[in-house]
Amino acid sequence: MRKKTILLATAAFAASSLITAPAASATPRGCGDMANGQLCVNQPPGNHYGGYYTTEYVKHHGKPVKVKLGYRAKSASGQDHGIVWDSKWLTAKDGKVVQKKRYLTMDRGWCIRGYMKSGGKTYETKYLCWKP
């Protein structure tokens, strides 16, 4: 009987561990999950180095907010080219995408990340890099 109780307790613990385990992150390359949305930098279609890169923010819920979008490039040697704020102030609303596109020529080994200003804070995405 004691053996059966231990097995049942072990099975119950294992089942509760599966239920409470955090889900694996599904954040795409070049994105960053935030408490109220997702900020991403997207590469040009077709895997080209040069083309239109897009920084975009999708707000999940809440009151509309003003945001400013930009990007930061880093060369293959690690040289940081600083943040470029290239959008005007945009209004982000629930479930709507705000974005800024710009044409950039990137070389192999370069990386880019998206940036957003809102409410006195600055947010950034993960880097999106071109492998050498």
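Preceding this section is the structure that the text describes.
What you see is a predicted model; the values in this text were computed from it and never measured. (Residues numbered from 1 in each chain as written. Predicted model: local features only at pLDDT ≥ 70, side-chain atom pairs only at ≥ 80, totals over all residues. Heavy atoms only, no water.)

1. Re the sheet that holds strand 3 (residues 50-59)
Right, so step 1: With antiparallel pairing, the four strands of this open sheet are ordered in space as 1-2-3-7. Each edge of the open sheet carries a strand with a single partner, namely strand 1 (31-34) and strand 7 (97-105). Strand-to-strand twist in this sheet, taken as the mean axis angle between neighbours without regard to direction, amounts to 10°.
Right, so step 2: One ladder, built from nine bridges, connects strand 3 with strand 7; its direction is antiparallel. (Pairing = 2+ DSSP bridges. Helix = DSSP H or I, 4+ residues; strand = E, 2+ residues; numbered from the N terminus. Axes fitted to C-alpha atoms, helices over the stretch in contact; angles between N-to-C directions.)

2. Observations regarding the pattern of salt bridges
Right, so step 1: Using the criterion set out here, one finds four salt bridges in the structure.
Right, so step 2: The closest approach of N and O atoms between D86 and R102, which form a salt bridge, is 2.7 Å. Taken together, the residues span a long stretch of sequence, with D86 in the loop between strand 5 (80-85) and strand 6 (90-92) and R102 in strand 7 at a distance of 16 residues.
Right, so step 3: D86 gets classed as partly exposed once you look at its relative accessible area, which sits at 22%.
Right, so step 4: Among the residues examined, R102 registers a relative accessible area of 8% and is labelled buried. (Salt bridge = Lys/Arg side-chain N within 4 Å of Asp/Glu carboxyl O. Buried < 20%, exposed > 50% of the residue type's maximum accessible area, 1.4 Å probe, protein only.)

3. Some details on the state of the cysteines
Right, so step 1: In total, this model carries two disulfides according to the counting rule given.
Right, so step 2: The disulfide that involves C111 links it to C129, with 2.0 Å between the sulfurs. Since a negative S-S torsion denotes a left-handed disulfide, the C111-C129 link at about 110° is right-handed. Of this pair, C111 sits in strand 8 (residues 111-118) while C129 sits in strand 10 (residues 128-129), and the two are 18 residues apart along the sequence.
Right, so step 3: You can call C111 buried: its relative accessible area is 8%.
Right, so step 4: You can call C129 partly exposed: its relative accessible area is 23%.
Right, so step 5: Here the cysteine-cysteine linkages of the chain are recorded as 1-2, 3-4, numbering only bonded cysteines and doing so in sequence order. (Disulfide = S-S within 2.5 Å.)

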